[in-house]
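Structural overview for review
Below are the chains, spelled out letter by letter.
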Amino acid sequence: MSAFRALRHRDFSIYFAGQLISLVGTWMQSVALGWWVYRLTGRVSLLGLVMFAAQAPTLLLAPLGGMLADRMPARTLLLITQATYLVQALGMTLLAFSGHPTIPMILGLAVASGAITAFDLPGRQVLVAQVVDQETLPNAIALQSAIFHGSRIVGPFFALHIVAISHEGWCFLVNAVSYMASIAALAVLRTRYQPEYKERHSALQQITEGFQFIWERPAFRHLMGLLALIVGLGMPFTTLLPALAQGVLHIDARGLGWLVVSSGLGATAGAMLLATRKEVKGLDRMVFASAVFFAASLGCFAQARSLTPAMILLPLASFGLVAFNTATNTLAQLMTPNAMRGRVTSLYSMVFMFAMPLGILGTGFLGQRLGLPLTLGLGAGGCLVGALVFAGVYPKRTVAPVDTVA
């Protein structure tokens, strides 16, 4: 099937399998962490603060992570990050079972996770481009997004059923074990393409080159601007679902599990929509259309007051959000030469991570005062305005792919 053509590459299929297992554990920890924090504190603002702590370090360290991704083999970098993630998950497990968790301790482990992510994200983007050819790269990017969001179906489902009958700590332990699958896959991977960094340049010069590459291209600047807006104003709903479930929809952990599963189904469909595309022409129109669809769906979801309408509307919002993110990421990757991939994708992640924690923090505190439904509705309106502005200023031309793979 054309939607899975990247799996014909032996190394990508191995990477795919390892990541699928690992990401199920990652989503189990993410959802269990949100539920755990809100159960311990009962405050939306503290939930937002913990999620902010898990994202903010990536903003500060992303340029360094991108520079390293261009200077060292991506497989080596990812082996280091996955092993470090394993240690962090074991720390969460010990804290949860200690019986004496505190918010400062949880914040510290969340910060550690965010710091690792700054090096992990650009490494992944570089690795994928090293194990597939240029023609298959857009499909590989879409499938990578699909497994990330597809794991939202399985991970949260098991996590919240475990939480309902036992303790969040078991979810953290499963996550730690799941990293072993990713490490095993990376250990047997054969990357055909090596980083093309220039040793004569200093680390600071290489980081600066990444900023210059983006700033000198209007299409990149407009794309990054819309990404920051959508992520900052619209995406926080994904991390505040525990508060919505308990405070607005009045459902238990099992109900939240079904809600997250429905969201994962919509998200996976959004990624697979991009995986079925055989050409890159029209990706800019896909970015605009998916942004508008997401804004409209999120505005409707904000009005839900019970589980049934929420389970109908949330998958639509997730579909639009992931279709937008995948189309944006694919377009950015195809405008990036191979030698710049680590730095440019790290700066892409930096924009994402700049907007995401600020959006979570702002939505959390604003939601505490105005209520989450009104806050999400206002965010949806802002996303719609941003999409309309993007349609007016984005260069009216298709960006041709560059030398993505040597």
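Report on the accompanying structure. (Residues numbered from 1 in each chain as written. Predicted model: local features only at pLDDT ≥ 70, side-chain atom pairs only at ≥ 80, totals over all residues. Heavy atoms only, no water.)

Here's the deal with the side chain of aspartate 120
Heads up, the rule is: The numbering of helices and of strands both runs from the N terminus, where a helix is a DSSP run of H or I of at least 4 residues and a strand a run of E of at least 2. A 1.4 Å probe rolled over the protein chains alone gives each residue an accessible area, and that area as a share of the maximum for its type sets the label: buried under 20%, exposed over 50%, partly exposed in between. Every residue pair with non-hydrogen atoms within 4.5 Å of one another is taken to be in contact.
Within the secondary structure, aspartate 120 sits in helix α4 (residues 103-131). Among the residues examined, aspartate 120 registers a relative accessible area of 2% and is labelled buried. Setting aside residues no more than four positions away along its own chain, aspartate 120 makes contact with Leu78, Thr81, Gln82 and Tyr85.

Notes on the packing of aromatic side chains
The line we're drawing: Any two of the Phe, Tyr and Trp rings considered here, Trp counted by its six-membered ring, make a pair once their centres fall within 6.5 Å; the pair's planes then place it as stacked at under 30 degrees, edge-to-face at over 60, or tilted in between.
Following the criterion strictly, the structure yields 9 aromatic pairs and no others. Here the aromatic rings of phenylalanine 213 and phenylalanine 220 are separated by 5.8 Å at their centres, their planes lie at 70 degrees, and the arrangement is edge-to-face. What makes phenylalanine 220 buried here is its relative accessible area of 0%. In textbook terms, an aromatic cluster arises when at least three aromatic residues are bridged by ring pairs, as seen for Phe12, Tyr15 and Phe16.

Some thoughts on helix α14 (residues 372-393)
Owing to its 3.6 residues per turn, the α-helix brings residues three or four apart onto one side. Using the following cut-off: Each helix should span, by expectation, one fewer than its residue count multiplied by 1.5 Å. Each direction from the helix axis to a C-beta atom contributes to the arc, which is the arc of those directions.
Here α14 is 22 residues long and its end C-alpha atoms lie 32 Å apart, about the 32 Å a rise of 1.5 Å per residue gives. Those residues of α14 not exposed but buried are Leu372, Pro373, Thr375, Leu376, Gly379, Ala380, Cys383, Gly386, Ala387 and Phe390. Buried residues of α14, seen end-on, are gathered within an arc of 155 degrees and therefore sit on one face of the element. Exposed residues on α14 whose side chains face more than 90 degrees from its buried face are Leu378, Val385, Leu388 and Gly392.

Concerning the side chain of glutamine 19
With respect to the helices, strands and loops of the structure, glutamine 19 is situated in helix α1 (residues 10-41). Glutamine 19 has contacts with Gln82, Arg124, Ile147 and Ser182, leaving out every residue within four places of it along the chain.

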